[in-house]
Amino acid sequence: MAVRNLCLRCRRPESACYCAQLPPRLETRTRVVFLQHPRESRVAIGTARMAHLSLSNSELHEGVDFSGHRRIEELAAQRDSVAVLFPGEDAISVEEARLNPPKTLIVVDGTWPQAKKVVSRNPVLAGLPRIGFVPRRPSNYRIRAEPADHCVSTIEAVVEMLGILEGDPARFDTMLRAFEYMVDTQLERQSARTSPNRRRIYFGPWRPPLELRTLAERFEKLVVFYGEANAHPAGGEEIPTELVHAVACRPATGERFEAIIAPEQPLAYSTPLHVELSEDILRAGEPRAEAMKRFEAFLRPDDELAVWTTFALDLLWAGGITRRPASSVRLATARALKGKAGGVEQAMTLLQGPELPQWAPGRAGRRIRALESVVRELVARGNATEPPQKLPRTGS
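Attention in this report is confined to the structure presented alongside it. (Residues numbered from 1 in each chain as written. Predicted model: local features only at pLDDT ≥ 70, side-chain atom pairs only at ≥ 80, totals over all residues. Heavy atoms only, no water.)

## Section: the pattern of salt bridges
Stage number 1. Counted by the stated rule, this structure contains 22 salt bridges.
Stage number 2. E180 is the salt-bridge partner of R213, the closest N and O atoms lying 3.9 Å from each other. Taken together, the residues R213 in helix α10 (residues 210–217) and E180 in helix α9 (residues 176–191) connect sequence positions 33 residues apart. For the pair R213 and E180, one class covers both residues: buried.
Stage number 3. Ionic pairing is found between E355 and R369, a salt bridge with its closest N-O pair at 2.8 Å. Residue E355 is located in the loop between α16 (344–351) and α17 (362–382), and its partner R369 is located in helix α17; the two are separated by 14 residues in the primary sequence.
Stage number 4. One network of salt bridges, in which partners are shared, links R31, E59, R71 and E74. (Salt bridge = Lys/Arg side-chain N within 4 Å of Asp/Glu carboxyl O. Helix = DSSP H or I, 4+ residues; strand = E, 2+ residues; numbered from the N terminus. Buried < 20%, exposed > 50% of the residue type's maximum accessible area, 1.4 Å probe, protein only.)

What follows is the structure in structure tokens.
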């Protein structure tokens, strides 16, 4: 019998290793301590280790009875700064916890019967405050049965909690890429399997990938943005890049914004060529302060920006726009295509997004048109209730 090589980091078979999908280890104010039931540690599709590998400020301890466990007793002694993520009649809400966030969050990992056993076996845990919460969205753990709709996997729960406690949900949502990859990989392998399953496997209802669902959920608040820069060649003069052409639209309402901004730095020779606007048009643009003021007025307090690359965001922040949540359309596109996304105009063609009119001049006009088309197509896929039909293979 062939022996499968295991990844020493995630402990999954090399063919199913999710390490490449993990984010760079995230720094947190909150220390997360996982207490994992021994049986759960042997479950290939468990998520506590995945969460632990994503967080630099975390620990993973295996066991059922932690009596006499030096580290756990040390943490439990700091009762005012420790909480257990576990429901109960005396559990406080996430909103209450956010007012006085714990320095350490203990997360019990296992099936619900296993987790309850760990909590009941350890009086040291029973004496600590508990936090209960209702997730923002149903679990995407489609390869494992959950006892109720409000129950989620360990990594989903940790992402939810850290996003609320530390006020940056988008940053922690990046932890879910490895989770989504693991779920999708498992489902694809099961669908291609020709031999009987070795054990009963739970298949939840099909759901679109997380990135697509997230765009769909936030559609009403999305503002799609693209910006062109006055950029000097690398290695030349130390002249900072600056925004010279800004275009944005709100797909839910059709509202549009455009600003051609007069450069404050020397105009790079290549800028009129790559932005496809003449030097005269660029120099006649409006003052930067006025353009940014107009864009701030265009944005609503709860709007979220959708961009192809973070370079566009860097231009905005450098221009003085108040920072706000933003999402990468390129990452969502790569998920939809199950491969590299390429440029935004290429992505529009590959996704076969809706044909939209070009309403702004220059390269920015073409790209904001393509970006809006891509977003609309991804949102449509994020709202889908059935998987996309596979195109039949054609002979050579």
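## Considering the sheet that holds strand β7 (residues 242–250)
Strand-to-strand pairing in sheets goes through backbone hydrogen bonds, with the strands running parallel or antiparallel.
Stage number 1. Strand order in the open sheet formed by 5 strands is β8-β7-β6-β9-β10, and the pairing between neighbours is mixed. Every interior strand has two partners, whereas the edge strands, β8 (255–260) and β10 (326–328), have only one. Geometrically, the sheet is characterised by an average inter-axis angle of 25° between neighbouring strands, direction not taken into account.
Stage number 2. With 3 bridges joining them, strand β6 (residues 222–230) and strand β9 (residues 304–307) adopt parallel strand pairing. The residue of β9 that forms the bridge with V223 is L305.
Stage number 3. Against the sheet, helix α13 (residues 288–298) makes contact with β6, β7, β8 and β9, and its axis sits at roughly 170° relative to β8, the strand it touches most.
Stage number 4. Packing of helix α15 (residues 329–337) onto the sheet brings it into contact with β9 and β10, and relative to β10 it is tilted by some 40°. (Pairing = 2+ DSSP bridges. Axes fitted to C-alpha atoms, helices over the stretch in contact; angles between N-to-C directions. Contact = heavy atoms within 4.5 Å.)

## Considerations on the pairing of β8
Stage number 1. Pairing of β7 with β8, which is carried by 6 bridges, proceeds in the antiparallel orientation. Within β8, the residue paired with H245 across the bridge is I260.

## Brief notes about the packing of α10 against α15
When two helices pack together, their arrangement is given by the angle between their axes and by how far apart the axes lie.
Stage number 1. Interhelical geometry of α10 versus α15 gives an angle of 130° and a closest axis separation of 8 Å. Between α10 and α15, the angle falls in the class oblique. Crossing geometry of α10 relative to α15 is assigned as left-handed. Here E211, L212 and L215 of α10 lie close against α15, whose contacting residues are A332, R335 and A336.
Stage number 2. Here the residues of the contact of α10 with α15 sort into 4 nonpolar, no polar and 2 charged. (Parallel < 35°, antiparallel > 145°, perpendicular 65-115°, else oblique. Left-handed = near helix turned anticlockwise from the far one by under 90°. Nonpolar A, V, L, I, M, F, W, Y, C, P; charged D, E, K, R; others polar.)

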